[in-house]
Amino acid sequence: WDVESDNDPPEASPNSETAATSEQYSWIATSDDVRWQLPDPGFRDYEWVKSEMTINEDVSIITRIDFSGEAYGSVSATAKIYAYNISTSNWDLVGSGTVPNAAPDATITGSITTGFSNYIDVDGSLIWAFGLADDSDYLYVDYVKADVTFTGYTAGTLYSVGIPVDTSNSFAAGVELSWNDTEPANTDITYQLEYYTGTEWQLIPDADLAGNSAGFDTSPVDISSVGSNYARIRLRANLTSSDGLATPSIQDWTASYYYWSGVGNEE
């Protein structure tokens, strides 16, 4: 958006607010020295590029938002970057610096490192503005961008009941571990087997179940190498996601095994 305002930062109802054309948008979409010359705002007015972006990541996993604008001005003056605070209905200054009055551009940067829900609404909308803090003058804008840094997070760890469920029985030998799950893009589930030492649960060593320490990703898994030296076992699932909007899920899992002289299935 091209915004003309009476104030720095822009007031709630600016003098004008005009959507960028597709051509103007292309001028500021890459750093290539093809610039959008903002209109002359006139006496004692200000001109801004206002950007509204959709952030797909959940605010709970965002750790930083970095803004930058490349430009030079009709005069050499201070350029500012503001982020709109939806909690206070105010513009918060996040960065500023001096731009020259001719090419090459200066790059002005700013960051938000906390309180992301104050700037990103429930629909993921983030609004920010870049402009010259000198009334009656304007920018030649080459590039604007906002980079969102976020972390992956562990959705959870799931454990089965101890196997055999009846503690009067004893595990004799494994047969197979299998499961059905759903893993959207950027999510994962790995499966492992643990055994009970008498006081705590520990992973069955790779020497007795190859690949167990890393976890299994493809069903089914042959667990016939797990023998009667493990009196009780249990299943463990590790669910992870690097996408705040996607979570993996398990529909079912099954361990087939022998105990005493029979065959049991635990789901």
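Please refer to the structure placed before this passage.
Residues numbered from 1 in each chain as written. Predicted model: local features only at pLDDT ≥ 70, side-chain atom pairs only at ≥ 80, totals over all residues. Heavy atoms only, no water.

The subject of this paragraph is the environment of Asp181. In this fold, Asp181 is placed in strand β12 (residues 171-182). When the C-alpha positions of Asp181 and Tyr72 are compared, they lie 54 Å apart, and in sequence the two are 109 residues distant. The contacts of Asp181, once residues within four sequence positions are left out, are Ile189, Tyr191, Ser249, Ile250 and Gln251. One polar contact links Asp181 to Tyr191, side chain to side chain, over a distance of 2.8 Å. (Helix = DSSP H or I, 4+ residues; strand = E, 2+ residues; numbered from the N terminus. Contact = heavy atoms within 4.5 Å. Polar contact = N/O pair within 3.5 Å; in protein donor to acceptor, adjacent residues only side chain to side chain.)

Let's shift gears to the sheet that holds strand β1 (residues 2-5). For sheets, the rule is that strands pair by backbone hydrogen bonds, running either parallel or antiparallel. Taken in spatial order, the 6 strands make up an open sheet running β2-β1-β4-β9-β6-β7, and their pairing is antiparallel. For this open sheet the edge positions go to β2 (16-18) and β7 (90-99), each flanked by a neighbour on one side alone. Across the sheet, the axes of successive neighbouring strands diverge by a mean angle of 20 degrees, strand direction being ignored. Taken together, the 4 bridges between β1 and strand β4 (residues 46-54) define a ladder with antiparallel strand orientation. Within the sheet, the bridge partner assigned to Val3 lies in β4 and is Trp48. (Pairing = 2+ DSSP bridges. Axes fitted to C-alpha atoms, helices over the stretch in contact; angles between N-to-C directions.)

This part covers the sheet that holds strand β8 (residues 106-112). Across the sheet, 4 strands lie side by side as β3-β10-β5-β8; this open sheet has antiparallel pairing. Edge strands, defined here as strands with exactly one partner in the open sheet, are β3 (36-37) and β8. When β3 meets strand β10 (residues 139-150), the two strands line up antiparallel, connected through 2 bridges. If you follow Gln37 over to β10, its bridge partner there is Tyr140.

Below, the discussion takes up the packing of aromatic side chains. On inspection of all chains with the given rule, the structure shows 11 aromatic pairs. Relative to Tyr82, the ring of Trp48 lies with its centre 5.7 Å away and its plane at 70 degrees, an arrangement referred to as edge-to-face. You can see Trp48 sitting in strand β4 and its partner Tyr82 sitting in strand β6 (residues 77-85), a full 34 residues away along the chain. Considered together, Trp48 and Tyr82 belong to a single accessibility category, that of buried residues. Here the aromatic rings of Tyr191 and Trp253 are separated by 6.2 Å at their centres, their planes lie at 65 degrees, and the arrangement is edge-to-face. Residue Tyr191 is located in strand β13 (residues 187-196), and its partner Trp253 is located in strand β17 (residues 249-259); the two are separated by 62 residues in the primary sequence. Side by side, Tyr191 and Trp253 carry an identical accessibility label, which is buried. A cation over a ring is seen here: Lys50 above Trp1, with NZ or CZ 5.6 Å from the ring centre. (Phe/Tyr/Trp six-rings, centres within 6.5 Å; stacked < 30°, edge-to-face > 60°. Buried < 20%, exposed > 50% of the residue type's maximum accessible area, 1.4 Å probe, protein only. Lys NZ or Arg CZ within 6 Å of the ring centre and 35° of its normal.)

Enumeration over the complete set of coordinates arrives at 8 salt bridges. Where Asp8 meets Lys80, a salt bridge forms, and the shortest distance between an N and an O atom there is 3.1 Å. Highlighted residues: Asp8 in the loop between β1 and β2 and Lys80 in strand β6, separated in sequence by 72 residues. We note a salt bridge from Arg35 to Asp33, for which the minimum N-O separation is 3.3 Å. You can call Asp33 exposed: its relative accessible area is 52%. Taken together, the shared-partner salt bridges in this structure form one network comprising Asp33, Arg35 and Asp105. (Salt bridge = Lys/Arg side-chain N within 4 Å of Asp/Glu carboxyl O.)

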